[in-house]
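# Reading the structure
If you want the building blocks of each chain, they are given just below.
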Amino acid sequence: MNEPTTAGGGPVVELRRFSKWYGDVVAVSDLSFALRPGVTGLLGPNGAGKTTTLKAICGLLHPSQGEVMLFGRPIHRDPMLYRAIGVVPDGDRLYPRLTIRSYVRLHAELHGLPDPGAAAERAIAEVDLLPLAERKLKGLSKGERQRTKVAGAIVHQPALLILDEPMTGMDPGQRARFIELVRLIGAAGVTVLVSSHILAEVERLASQILVLVGGRLAASGDYHAIRDLMADQPRTVMVKVSEARRLAPGLIALPSTVAVEVDGDALRARTRSVEAFATALPRLARDQGASLHEVRTTDESLEQVFRYLVGRR
Amino acid sequence: MSQAPPTTPTGTIYDRGYRHYEGPREGRWRRVRAIVVASVRRALGLKRNWKTKIIPFGLLVLAFGPVFAFIGIRVLVGEAVGEFLGYGRYLRIVAGLLLLFAATAGPELLCPDRRQNVLALIFTRPVTRTDYLLAKLAALLLVVGLIAVVPLLVLFLGNTFTAESAATYLRENLGDLGRILLAGVVLTVFYSVVALAAASLTDRRAMATVGLLGVFLASSALANILFFTTRFEGRRWFALLSLGGAPGRFVDWLFGDGFDQGTLAQQAGLTGPVYLTEMAVVVALAGALLTWRILRLRP
């Protein structure tokens, strides 16, 4: 069996019209996307099909229809592909009586690494758990158990890392370090797929997102680009200006402007075209003798994008 | 989140070790061995607290203790102390321990993996369900074989080296050595496969243990009731209903000890090969059930 590789330049993960149903219940329908190196966030409300999709990518369930390809090969029942995959499933899936060191070492042995001890030490160090390496898993905090699972998943330095709700239970400091770790792994050319319901975390982790709603793909790609495609959703622009009241009539007269609110020196405009607004604003300010201090859009967050995508279904 | 400064060379990322590992890998045997070792440790309670060691080590003491005690006395007193129980009789006693040991160790190997939801972790490694099944079976065969074979081998060696002439004892009793190995292997396979099959049906250890012991006891009781309360030509075959009776009867036949007077086995008059065939059929059915249950495991 050949070592899994993306040397041909193809996608690391590719779902082709993947569907999965359980009896009469359709969990995921006609899902197609491809993942390449870097960090991608998988988002969706409860019941959107995230776990089903992740399980299919991990080869833990068979598609009812379509194909799930990893490194150009079907994943289902091809255990050699797991040499290149690291998986952190959701929930507490650990042997409580093992120590961190023995748990991670066991995973190194299951991957057939020639020096499982050294690989385990490196992975434990990556997740900042070396001082606790001899502690039993049952005595660890939830965040520490999550990091242990991550160590077990990266012990063989996988080319594809799948993380299902990896930051559950971590404190803010641990989350910050974990985000940095995942970003570094992604920057090093590893394909990382992170499922999380905490949008702020995904926003910091991943620029690429996949949004599942009702078992279907609602959006994919860079979330800023997705936001730009939401043409029917006016965007809010905050302007700090010396003469806000004098500037407001000019702005409301623009065809793309939906509403303008003035609050002291601040002016909040809702526009269907940020580009047209940005073009007109300096001219209007000059005409009114106003000084612009700050111009920024305020609803560019991933949460805004997510709410919009979920709400329109 | 602090961003790396633009001047930071990208090579520093690779230096931290995130490049995909494409070096050599050990073969399938290494992966199976990792599960076997972890499972043997778990079955014996090694590297765990003392409570988990009570049952396995208690049964080991019961199996080995009399043998070592006898050999010690033989060393001190010599052949004057006479024969120990005899290999067959001792193995019949050990068979009871084997059932208890397999009924506790088998569920210990399979049930927690499902109960603690670790199957997803195992099956997202390069481990097939067949690897998993073989590793669990190998682990249980090892620990059950430890009781089924090793005490009698130690007893045989003890008898040999405490005899007046070791060479003479060995020459005259070499057949016993073969019988010890054959009976030990047969009982080990029988109890291990049946115990794992029972464990594959539930994720609760206690339920698997009690269920297995219950089936063995109930089948023996049923066989006796049916045999002794009916009067027709073919009732002797009711003896085969007793799952718990077959190993001991096979051992009695193999070592030529004969069945106890008045028992079902003695009155039924079936021979060792019949009981061996019965055990083979049970192992085949239990093995098929075990394989089916493991292959359809869904993490």
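Everything quoted here is computed from the prediction, not taken from an experiment.

Moving on, we get to the overall build of chain B. Within chain B one finds 12 helices and zero strands. From first element to last, N terminus to C terminus, chain B shows the α and β order α-α-α-α-α-α-α-α-α-α-α-α. Its C-alpha atoms give chain B a radius of gyration of 25 Å, more than 25% over the compact-globule value 19 Å for 299 residues. Burial analysis of chain B (299 residues in total) assigns 37% to the buried set.

This part is about the overall build of chain A. Of the regular secondary structure elements, chain A holds 10 helices and 14 strands. A burial count over chain A gives 47% of its 313 residues as buried. Considering only contacts within chain A whose residues lie at least 6 apart along the sequence, 68% involve residues at least 24 apart.

In the predicted model, chain B carries a mean pLDDT of 86, and the fraction of residues at 70 or more is 91%. The complex prediction reports pTM at 0.77, with the ipTM value standing at 0.73.

It is worth spelling out the interface of chain A and chain B at this point. Contact with chain A, which involves 41 residues of that partner, is made by 31 residues of chain B. When residues of the side of chain A that touches chain B are traced back to their parent elements, those giving at least two are β6 (85-88), α2 (100-110) and α5 (172-187) of chain A. With six residues, the single largest contributor to the side of chain A that touches chain B is α5(A). Counted by class, the side of chain A that touches chain B contains 25 nonpolar, seven polar and nine charged residues.

Note: interface size is frequently given as the accessible area lost on complex formation between the parts. When its domains are assigned, chain A resolves into domain 1 (13-227) and domain 2 (232-298). One C-alpha centre belongs to domain 1 of chain A, the other to domain 2 of chain A, and the line joining them spans 43 Å.

Now for α5(A). Helix length check: α5(A), at 16 residues, gives a terminal C-alpha distance of 22 Å against a target of 22 Å (1.5 Å per residue), a fit within 8%. Looking at the buried residues of α5(A), the elements they touch are β3 (38-43), β7 (160-164), β8 (191-195) and α6 (199-205) of chain A.

All names here are of chain A. One non-glycine residue, D128, adopts positive backbone phi at about 60 degrees. Within the fold, D128 resides in the loop between α3 (116-126) and α4 (142-154). Judged by C-beta crowding, with 16 C-beta atoms within 10 Å, D128 ranks as partly exposed. Backbone geometry at E165 places phi at a positive 50 degrees, although glycine is not the residue there. Positionally, E165 belongs in the loop between β7 and α5. Among the residues examined, E165 registers 19 C-beta atoms within 10 Å and is labelled partly exposed.

All names here are of chain A. In terms of strand pairing, strand β1 (residues 13-22) meets strand β4 (residues 65-70) through five bridges, oriented antiparallel. Across the sheet, S19 pairs through a bridge with Q65, a residue of β4. As paired elements, β4 and strand β5 (residues 73-74) share two bridges and run antiparallel to each other. Bridging from a neighbouring strand, L70 pairs with R73 of β5. Here β4 folds back onto β5 in antiparallel fashion, the turn holding two residues, of which F71 has a positive phi close to 55 degrees.

Residue and element names in this part refer to chain A. Across the sheet, which stays open at both edges, the four strands sit in the order β12-β13-β11-β14 with antiparallel pairing between neighbours. On the outer flanks of this sheet lie β12 (257-263) and β14 (292-297), each paired with one strand and no other. Ignoring which end each strand starts from, the neighbouring axes of this sheet average 15 degrees apart. Strand direction decides the pairing type here: strand β11 (residues 235-241) and β14, joined by five bridges, are antiparallel. In the sheet register, V239 faces β14, and the bridge partner there is V295. The strands touched by helix α8 (residues 244-252) are β11, β12 and β13 (266-271); relative to β12, the strand with the most contacts, the crossing angle is about 175 degrees.

Attention shifts here to the packing of α2(A) against α3(A). Residue and element names in this part refer to chain A. The geometry of α2 relative to α3 is characterised by a closest axis approach of 8 Å and an angle of 120 degrees between their N-to-C directions. What the angle tells us is that α2 and α3 run oblique. Helix-helix and strand crossings are classified by hand; for α2 and α3 the assignment is right-handed. On the side of α2, the interface is formed by I100, R101, V104, R105, A108 and E109, while α3 contributes P116, G117, A119, A120, A123 and I124. When its residues are assigned to classes, the contact of α2 with α3 shows eight nonpolar, one polar and three charged.

As a further point, take helix α9 (residues 205-229) of chain B. Residue and element names in this part refer to chain B. Helix length check: α9 (25 residues) gives 36 Å between terminal C-alpha atoms against 36 Å at 1.5 Å per residue, within 8%. Residues of α9 that are buried include every one of A208, T209, L212 and A223, and no others. Each element contacted by the buried residues of α9 is listed here: α4 (87-115), α8 (166-199), α10 (245-254) and α11 (264-268).

The next point concerns the sheet that holds β5(A). In space, the four strands of this open sheet follow the order β2-β1-β4-β5 (chain A), with antiparallel pairing throughout. At either margin of the open sheet sits one strand with a lone partner, and together these are β2 (25-35) and β5 of chain A.

Moving on, we get to the nonpolar core. The biggest cluster of nonpolar side chains holds 154 residues, and the ones touching the most others in it are A:I162, A:V194, B:L98, B:A102, B:L140, B:V144 and B:A195. When neighbours within four sequence positions are excluded, A:V194 is seen to be in contact with A:V39, A:G41, A:L42, A:L163, A:P166, A:V182, A:V202, A:L205 and A:A206. If you look at the next biggest cluster of nonpolar residues, it comprises 15 residues, including A:V241, A:L247, A:L267 and A:F277.

Now for the environment of B:M207. Mapped onto the elements, B:M207 comes out in helix α9. The class for B:M207 is partly exposed, based on 15 C-beta atoms found within 10 Å.

On to the environment of B:V194, then. All names here are of chain B. In this structure, V194 sits in helix α8. Given 26 C-beta atoms within a 10 Å radius, V194 is considered buried. Sequence separation between V194 and R92 is 102 residues; the distance between their C-alpha atoms is 18 Å. Other than its neighbours up to four places away in sequence, V194 contacts V282 and A286.

Residue and element names in this part refer to chain B. In the contact formed by α4 and α10, the axes pass within 9 Å of each other and the chain directions differ by 170 degrees. Judged by the angle between their axes, α4 and α10 are roughly antiparallel. On α10, the residues that touch G88, L91, R92 and A95 of α4 are P247, G248, V251, D252 and L254. Taken together, the residues of the contact of α4 with α10 break down into five nonpolar, two polar and two charged.

So, how was this worked out
Residues numbered from 1 in each chain as written. Chains lettered and ligands numbered in written order. Predicted model: local features only at pLDDT ≥ 70, side-chain atom pairs only at ≥ 80, totals over all residues. Helix = DSSP H or I, 4+ residues; strand = E, 2+ residues; numbered from the N terminus. Rg over C-alpha atoms; globule rule 2.2 N^0.38 Å. Buried ≥ 20, exposed ≤ 12 C-beta atoms within 10 Å, placed from the backbone. Contact = placed C-beta atoms within 7 Å. pLDDT = per-residue confidence, 0-100. Nonpolar A, V, L, I, M, F, W, Y, C, P; charged D, E, K, R; others polar. Domains from an automatic or database assignment. Expected span 1.5 Å × (residues − 1). Pairing = 2+ DSSP bridges. Axes fitted to C-alpha atoms, helices over the stretch in contact; angles between N-to-C directions. Parallel < 35°, antiparallel > 145°, perpendicular 65-115°, else oblique. Left-handed = near helix turned anticlockwise from the far one by under 90°. Core = buried A, V, L, I, M, F, W, Y, C linked by C-beta atoms within 7 Å.

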